[in-house]
Amino acid sequence: MKDLLGISDLTGDDLSLLLELAVGFEDKPGSAGDLLAHRIVPMYFAKPSTRTRLSTAAAVARLGGTPVTIGPDELQLRRGETLRDTARVMGSYAAAIVIRTFADADVRDLAAAAPVPVVNALTDGHHPLQAVADLLTIREHFGNLRGHRIAYLGDGGNVARSLMEAAALAGMDIAVATPPHYAPQAEAVAYATAEAERRGGRVLLTDDPAEAVEDASVVYTDVWLSMGDPDRERTRRMKVLAPYRVDDDLMDHARDDAVFMHCLPAHRGQEVTPKVIDGGRSLAFRQAANRLPATQAVLYALLTDRLEGHR
Ligand code: CP
Ligand code: NVA
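Fair warning: this is a prediction, and the values are worked out from it, not measured in the lab.

Participant: What is the right way to read the side chain of Thr101 from this model?
Facilitator: Looking at where Thr101 falls in the secondary structure, it is placed in the loop between strand E3 (97-100) and helix H4 (104-113). On the accessibility criterion, Thr101 (8% relative accessible area) is buried. When near neighbours in sequence (up to four residues on either side) are disregarded, Thr101 contacts Ala46, Lys47, Asp106, Val107, Leu122, Thr123 and Asp124.

Right, dumping it as structure tokens:
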């Protein structure tokens, strides 16, 4: 497997391996410190980023390489050079390419033309690096994944999709509560349902937040207006998504030992109350910290050809 464009590129064993590697890197951050010696990893960000950009830079540095961050206006792409030509050229200098952009088709194009691994650092459709860190965080907290239910509430976009796919590959239960118009894509739901059922897990889709959080070990949410969403949708989204706000009442419907998770950035008072995200049950900042060993694991596994994927 050359690239990580979405969680569904991975097999269940690949995901387990990434989690094992990430735990190893938490323990010994410099254990593969020469892997990228004298090499660069270009990181193209067409959308803003705090966590992904810095954790990926740190992961590349820990592997001995040099991250090079590139903004949307800095390449000849802006002057009409094709993505494919850009990929070929980048591939002659770089060990891997990390890209955050809008359309998934662009990332697929880049990966098809690049001779080196391409990692999706968030698109409108996927956020695989986040999902790997999320499962790492859940496993770290509870000691295992199977037997736990994640309740995801709010907008069924990129974070929901990757989390649902990862939960399914790990054989967990996941309940996704969204307004009907903001449900995850049918194709992703079908994939996750089949993968979860093969492993004894379950995927539940509902528009009822209380139903989703029942028996949940994890209550997870994301922003209501994503970077790829048009600003004209803001008012409508704030209104339609309001019943999905995570507050103490909703947390009380989950398991007694349930934790709160959020990929961040958070908008306190919108998708989550300050009391919940800043309270003792919140793992949001642990998740953010875990982005580093998770991304280090992904880069290491791709660069050493350790992932099977669906060859
Ligand atoms: N969670 C996450 O991807 O954050 P950034 O947008 O800051 O990278
Ligand atoms: N769904 C959000 C995630 C941010 C990390 C977005 O795409 O903006």
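This is not the end of the story, as more comes after the structure.
Participant: Please clarify how the packing of aromatic side chains should be interpreted in this entry.
Facilitator: To describe a pair of aromatic rings, one takes the distance between the centres and the angle between the planes. What the rule picks out here adds up to 2 aromatic pairs. Seen from their ring centres, Phe25 and Tyr300 are 5.5 Å apart, and the 70° between their planes marks the pair as edge-to-face. Of this pair, Phe25 sits in helix H1 (residues 12-27) while Tyr300 sits in helix H12 (residues 284-303); the two residues are 275 residues apart in sequence, bridging distant segments of the chain. Given a relative accessible area of 18%, Tyr300 falls into the buried group. Ring centres of Tyr152 and Tyr220 lie 5.8 Å apart, and the angle between their planes is 35°; on these two criteria the pair is classed as tilted. With a gap of 68 residues between them, Tyr152 in strand E5 (residues 149-153) and Tyr220 in strand E8 (residues 218-221) connect regions that are remote in the sequence. Each of the two residues, Tyr152 as well as Tyr220, counts as buried.

Participant: Which parts of the structure should I look at to understand the nonpolar core?
Facilitator: The nonpolar side chains of a soluble globular protein tend to be buried with one another. Formed by 68 residues in total, the largest nonpolar core has its most connected members in Leu10, Ile150 and Tyr220. If sequence neighbours within four positions are ignored, Tyr220 has contacts with Gln130, Asp134, Ile150, Ala151, Tyr152, Leu153, Val159, Leu163, Met261, His262, Cys263 and Gln287. In this structure, Leu250, Met251, Leu264 and Ala284 belong to the second largest nonpolar core, which totals 23 residues.

What counts and how
- Residues numbered from 1 in each chain as written.
- Chains lettered and ligands numbered in written order.
- Predicted model: local features only at pLDDT ≥ 70, side-chain atom pairs only at ≥ 80, totals over all residues.
- Heavy atoms only, no water.
- Helix = DSSP H or I, 4+ residues; strand = E, 2+ residues; numbered from the N terminus.
- Buried < 20%, exposed > 50% of the residue type's maximum accessible area, 1.4 Å probe, protein only.
- Contact = heavy atoms within 4.5 Å.
- Phe/Tyr/Trp six-rings, centres within 6.5 Å; stacked < 30°, edge-to-face > 60°.
- Core = buried A, V, L, I, M, F, W, Y, C linked by side-chain atoms within 4.5 Å.

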